[in-house]
Amino acid sequence: MTAITLDDAVWKDVEEGTEALVDRWLVAEGEPVRAGQPLVSVVLVKTTFEVTAPADGVLERILVAAGETFARGAPIGTLRESR
């Protein structure tokens, strides 16, 4: 399993303790995905980011539902990579 997270680089100038919001998932659990494919749209400090698949595989589990928030470094989903 590979954790799906919001890239650390986008948190660079964000105040400690700030959380991001999952706006909407673009892929459902169990769907196959390709590396680089947008998986989820998140909002951090009024800026929207798309989190992409780190590898080919299947979106195994959504850990943070649309409308919920998450902290820096927290996994928001898991990917089962294709072999």
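The structure under discussion appears in the preceding block.
*Asks:* Is there a simple way to explain the sheet that holds strand S2 (residues 20–25) in this structure?
*Replies:* Sheet strands pair by backbone hydrogen bonding; their relative direction is either parallel or antiparallel. The antiparallel open sheet is built from four strands, whose spatial order is S5-S4-S2-S7. For this open sheet the edge positions go to strand S5 (47–52) and strand S7 (69–70), each flanked by a neighbour on one side alone. In terms of strand pairing, strand S4 (residues 38–44) meets S5 through six bridges, oriented antiparallel. Bridge assignment links Leu44 to a residue of S5, and that residue is Thr47.

*Asks:* Would you mind showing me how to read the environment of Val27 here?
*Replies:* Its place among the elements puts Val27 in the loop between S2 and strand S3 (32–33). We classify Val27 as buried; its relative accessible area is 4%. Each C-alpha atom of the pair Val27 and Gln37 lies 9.5 Å from the other, and the pair is 10 residues apart in sequence. Filtering out sequence-adjacent residues up to four positions away, Val27 remains in contact with Val33, Gln37, Pro38, Leu39, Leu59 and Ile62.

Criteria and cut-off values
Residues numbered from 1 in each chain as written. Predicted model: local features only at pLDDT ≥ 70, side-chain atom pairs only at ≥ 80, totals over all residues. Heavy atoms only, no water. Pairing = 2+ DSSP bridges. Helix = DSSP H or I, 4+ residues; strand = E, 2+ residues; numbered from the N terminus. Buried < 20%, exposed > 50% of the residue type's maximum accessible area, 1.4 Å probe, protein only. Contact = heavy atoms within 4.5 Å.

Keep in mind these numbers describe shape, not what the thing actually does.
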